[in-house]
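Residues per chain are reported as follows:
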Amino acid sequence: KREAQLNSILASVPDAMVVIDAEGIMLSFSHAAQRMFGYEEAEVLGKNVSMLMPSPDREAHDGYIARYLETGVAHIIGSTRRVIGCRKDGTLVPHELAIGEATGGGERVFTGFMRDLTDQEATAARLQDLQ
Ligand code: HEM
């Protein structure tokens, strides 16, 4: 029942949603995330979320999580940030990232919500050109 509920959330949540454990390993990957990044869920489960971002964040991301777990000082949790993601085909995707934190079965998990900003930024650039 819980699994069916989770699957229906993953299928219908409008923004890309990615759940990771404290090591950054991806535990679930929503339909919108599959559309946004061009990966099937099976291609990313068990892999590090850092594969979804370009350098230098890709190499640094394990350290960001470790720093947070050590210090408790959050830089994105509790707010949002514009970050750049990297699709399977190597193209970049600017998006707004929000991160939530939860403890499930004694394990710490993080949920990322990612809103694609590509269209919004293209429209803003066109408006700028018209002025
Ligand atoms: C921290 C980048 C996706 C979980 C950070 C920080 C950056 C970053 C730059 C450190 C902020 C700082 O110390 O100033 C990115 C990029 C992503 C991405 C470019 C694009 C794919 C995700 C996702 C999750 C996640 C999908 C969770 C599912 C975390 C956590 C932290 C963190 C837990 C530490 C807590 C915090 O600083 O608030 N990330 N991230 N990240 N990220 Fe990511």
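Calculation criteria
- Residues numbered from 1 in each chain as written.
- Predicted model: local features only at pLDDT ≥ 70, side-chain atom pairs only at ≥ 80, totals over all residues.
- Heavy atoms only, no water.
- Helix = DSSP H or I, 4+ residues; strand = E, 2+ residues; numbered from the N terminus.
- Rg over C-alpha atoms; globule rule 2.2 N^0.38 Å.
- Buried < 20%, exposed > 50% of the residue type's maximum accessible area, 1.4 Å probe, protein only.
- Contact = heavy atoms within 4.5 Å.
- Areas by Shrake-Rupley, 256 points an atom, 1.4 Å probe, with all protein chains shown as cover.
- Lys, Arg positive; Asp, Glu negative; His and termini not counted.
- Charge placed at Lys NZ, Arg CZ, Asp CG, Glu CD.
- Pairing = 2+ DSSP bridges.
- Axes fitted to C-alpha atoms, helices over the stretch in contact; angles between N-to-C directions.
- Phe/Tyr/Trp six-rings, centres within 6.5 Å; stacked < 30°, edge-to-face > 60°.
- Donors = N, O, S within 2.8 Å, 3.2 Å for Na, K, Ca; no water.

(A) Structural view of the overall build of the chain. A tally of helices and strands in the chain yields five helices and five strands. In the chain, the order of α-helices and β-strands from amino to carboxyl end is α-β-β-α-α-α-β-β-β-α. Its C-alpha atoms give the chain a radius of gyration of 16 Å, within 12% of the compact-globule value 14 Å for 131 residues. Overall, the C-alpha framework of the chain stretches about 55 × 35 × 25 Å when taken along its three principal axes. Evaluated residue by residue, the chain yields a buried proportion of 34% over its 131 residues. Contacts in the chain between residues at least 24 apart in sequence constitute 39% of all its contacts with a sequence separation of at least 6. Approximately 8100 Å² of the chain is accessible, and the part contributed by carbon and sulfur atoms is 54%. For the chain, the centre of its 13 positive side-chain charges and the centre of its 19 negative side-chain charges are spaced 3 Å apart.

(B) Structural detail: the sheet that holds strand E2 (residues 26-29). If you walk across this open sheet you meet the five strands as E2-E1-E5-E4-E3, and the pairing is antiparallel. What marks the edges here is a single partner per strand, and that holds for E2 and strand E3 (80-86). Within this sheet the neighbouring strands show an average axis-to-axis angle of 35°, counted without direction. Direction of pairing for strand E1 (residues 16-21) relative to strand E5 (residues 107-116): antiparallel, over a ladder of six bridges. Pairing of Val 19 across the sheet is with Thr 111, part of E5.

(C) View of the packing of aromatic side chains. Under the criterion given, the structure shown has two aromatic pairs. With a centroid separation of 6.4 Å and an interplanar angle of 45°, the aromatic rings of Phe 29 and Phe 37 are classed as tilted. Exposure class is identical for Phe 29 and Phe 37. Each is buried. A centroid spacing of 6.0 Å and a plane angle of 70° characterise the contact between Tyr 68 and Phe 110, whose relative ring orientation is edge-to-face. Residue Tyr 68 is located in helix H4 (residues 57-71), and its partner Phe 110 is located in strand E5; the two are separated by 42 residues in the primary sequence. In this structure Phe 110 comes out as buried when scored by relative accessible area, which is 5%.

(D) Structural context of the coordination of the iron atom of the ligand. With respect to protein ligation, the iron atom of the ligand binds only His 61 (NE2), at 2.1 Å. By secondary structure assignment, the location of His 61 is in helix H4.

(E) Expanded view of the side chain of His 61. For His 61, a relative accessible area of 17% puts it in the buried group. When near neighbours in sequence (up to four residues on either side) are disregarded, His 61 contacts Val 49, Ser 50 and Met 53.

(F) Structural view of H4. Taken together, the buried positions of H4 are occupied by His 61, Ile 65 and Tyr 68. The inward-facing, buried residues of H4 abut E1, strand E4 (92-104) and E5. Downstream of H4 by a residue or two, Gly 72 has a phi angle that is positive, lying close to 75°.

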